[in-house]
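Chains, contacts and geometry: an overview
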Amino acid sequence: MRGELSERQPPSFFEDVSAAAMRRWQQLEADPDLAVPWRQLFSQVQSPRHVLSELLQNADDVGAKEDHVSIDHNVFVFEHDGDDFDEEQFISLCRFGFSNKRKLHTIGFRGIGFKSTFSLGPRVEVCTPSLSVAFEKKRFTEPIWLTKSPVSHRTRISVTIEDRSRLEELQKNLAEWTKSPASLLFFRSIRRLTISGQTIERKILGNGPVVDSEIVELVGNKTLRVIVCRSKEEPFPREAVDEIRQERFAEDITLPPCRVEIVIGLEGEQQLFVILPTECRPQLPFSSNAPFIQDPARIGIKDPAISPTNRWLLRRLGELIADVMMNWLNAHG
């Protein structure tokens, strides 16, 4: 339910951010040599299969615990109970090829998360306690203030789905989430996700068999209990920091220490996760999660032969597996 429409006034920073976005588009439109590659890169991130995944990662970054997804009269709606946008986050929303994420729970793909929603339709609306804006695909970083919109304590993103093929692809992706909620294990804050009235959630049942492990219940189409084992957090080595800064085009980024995780007990073929599942399926009896640098298609990871970050993370996973095995055997020997 959207509720009654109310008059909305923009926050103090809106006009400056909007004017800056307009100037960038005027520069781009005056110089096709700049505009064409920018639009080509934008078109490459347009896939309905990534929309929910990207929005969930953004919601997790702002502390959301519950997320709701629905398709109502051909309108896709995503809502979460996380923090509202501040000025810096809104500036990032109105840019492209840039991410302001400095907490490396996952290595963002150059700030494209929200932009993936344009794969569904040409106009996206965002309503939060402080914001009421729309973005049009033609100038996809320039915000348009909506003078009337519902007032809510949640963040709401909505887009009218452009055609049946996009709708079917999106519905397929939502069905995959309800069938396999394993990615909920790796979000920092999200506990519950409701998709078209069906809820999937994770429940922490208690400590696992070794230090830094938990027994977790995943509730979806069926209930599954797994063991999640985590490493200690460690700072990134210098060569990894340099690589990540190059990937993110951000020399000033500060990377906090990170951890890696393994999951024992997931059914079916085991996978490598970067919070979300990749198509990497190592022949091992457990699944793994780490903030790998992904390939451009985001279905795998960057070749470790040319990625010091991924080599370091794979080595840490190997060390974690060895520690878990030894501690488990010692505890039950």
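Bear in mind that the values here come from a model prediction, so they are computed numbers and not experimental data. (Residues numbered from 1 in each chain as written. Predicted model: local features only at pLDDT ≥ 70, side-chain atom pairs only at ≥ 80, totals over all residues. Heavy atoms only, no water.)

Examining the environment of I227
The condition that has to hold: Runs of H or I in DSSP of at least four residues are treated as helices and runs of E of at least two as strands, each being numbered from the N terminus. We call two residues in contact when some of their heavy atoms are within 4.5 Å.
Residue position: I227 is located in strand β12 (residues 223–230). Residues I227 and I204 lie 23 residues apart in sequence; the distance between their C-alpha atoms is 10.0 Å. Residues contacting I227, with those up to four places away along its chain left out, are P209, S213, E214, I262, V263, I264 and W328.

Some remarks on the environment of T223
By the element assignment, T223 lies in strand β12. Once the C-alpha coordinates of T223 and I200 are considered, the two residues, 23 residues apart in sequence, prove to be 9.6 Å apart. Contacts of T223, omitting those with residues within four sequence positions, involve E217 and L218.

Quick notes on helix α1 (residues 14–30)
As a reminder of what qualifies: Residue count minus one, scaled by 1.5 Å, sets the expected span of a helix. Each residue is placed in one exposure class: buried if its accessible area under a 1.4 Å probe, protein chains only, is under 20% of its type's maximum, exposed if it is over 50%, and partly exposed if it falls in between. What the arc covers is the set of directions going from the helix axis to the C-beta atoms.
Helix length check: α1, at 17 residues, gives a terminal C-alpha distance of 24 Å against a target of 24 Å (1.5 Å per residue), a fit within 8%. Taken residue by residue, α1 has F14, V17, S18, A21, W25 and L28 as its buried positions. End-on, the buried residues of α1 take up no more than an arc of 95°, which puts them together on one face. Along α1, exposed side chains directed more than 90 degrees from the buried face belong to E15, D16, Q27 and A30.

Some points on the packing of aromatic side chains
Formally: Working definition: rings of Phe, Tyr and Trp (its six-membered ring) pair if their centres are within 6.5 Å, and the pair is stacked with planes under 30 degrees apart, edge-to-face with planes over 60 apart, and tilted otherwise.
A complete count under the given rule lists eight aromatic pairs for this structure. Taking 5.5 Å as the distance between ring centres and 65° as the angle between the ring planes, the aromatic pair formed by F114 and F135 counts as edge-to-face. A residue pair is termed long-range when its members are at least 10 positions apart, and F114 in the loop between α4 (87–93) and β4 (123–127) and F135 in strand β5 (residues 132–136) qualify at 21 residues. Of the two residues examined, F114 and F135, each falls in the buried class. Ring centres of F236 and W312 lie 5.1 Å apart, and the angle between their planes is 45°; on these two criteria the pair is classed as tilted. One end of the pair, F236, is in the loop between β12 and α6 (238–248); the other, W312, is in helix α7 (residues 308–332), and 76 residues separate them in sequence. W312 matches F236 in its accessibility class, with the two residues each being buried. The rings of F13, F14, F90 and W145 are connected pair by pair, giving a single aromatic cluster.

Quick word on unusual backbone geometry
The backbone of S196 sits at a positive phi, close to 50°, despite the residue not being glycine. Counting through the fold element by element, S196 comes out in the loop between β9 (192–195) and β10 (198–207). Phi at D212 is positive, roughly 60°, even though this residue is not glycine. Residue D212 is classed as partly exposed on the basis of its relative accessible area, which comes to 33%.

A word on a negative patch on the surface
Our working rule: The residues that make up patches have over 30% relative accessible area and no salt bridge, and they are joined within 9 Å when like-charged or within 5 Å when they are Val, Leu, Ile, Met, Phe, Trp or Tyr. Throughout, the Shrake-Rupley method with a 1.4 Å probe supplies accessible areas, and for residues the shown protein chains are the sole cover considered. What counts as a salt bridge is simple: a side-chain nitrogen of Lys or Arg found within 4 Å of a carboxyl oxygen of Asp or Glu. Asp and Glu count as negative and Lys and Arg as positive, but His and the ends of the chain are not part of the count. The atoms used to mark charge sites are NZ of Lys, CZ of Arg, CG of Asp and CD of Glu.
On the surface, E15, D16, D83, D86 and E87 cluster together into a negatively charged patch. For D83, the position within the fold is in the loop between β3 (75–80) and α4. Residue classification places D83 among the exposed positions, given a relative accessible area of 56%.

Some thoughts on the confidence of the model for the chain
This is how the line gets drawn: For every residue, the predictor states its confidence as a pLDDT score lying anywhere from 0 to 100.
Averaged over the chain, the pLDDT score is 86; the fraction of residues at 70 or greater is 89%. A low-confidence stretch, residues 99–111 (pLDDT under 50), is modelled with 51 contacts involving residues beyond four sequence positions or located in other chains.

Description of the pattern of salt bridges
One pass over the full model with this rule turns up 21 salt bridges. Across the pair R166 and E162 runs a salt bridge, and its minimum N-O distance is 3.6 Å. Across the pair E234 and R316 runs a salt bridge whose closest N-O atoms are separated by 3.7 Å. Separated by 82 residues along the polypeptide, E234 in the loop between β12 and α6 and R316 in helix α7 bring together distant segments of the chain. For E234, a relative accessible area of 32% translates into the label partly exposed. R316 gets classed as buried once you look at its relative accessible area, which sits at 3%. One connected set of salt bridges, linked through shared partners, spans E214, R230, R259 and E261.

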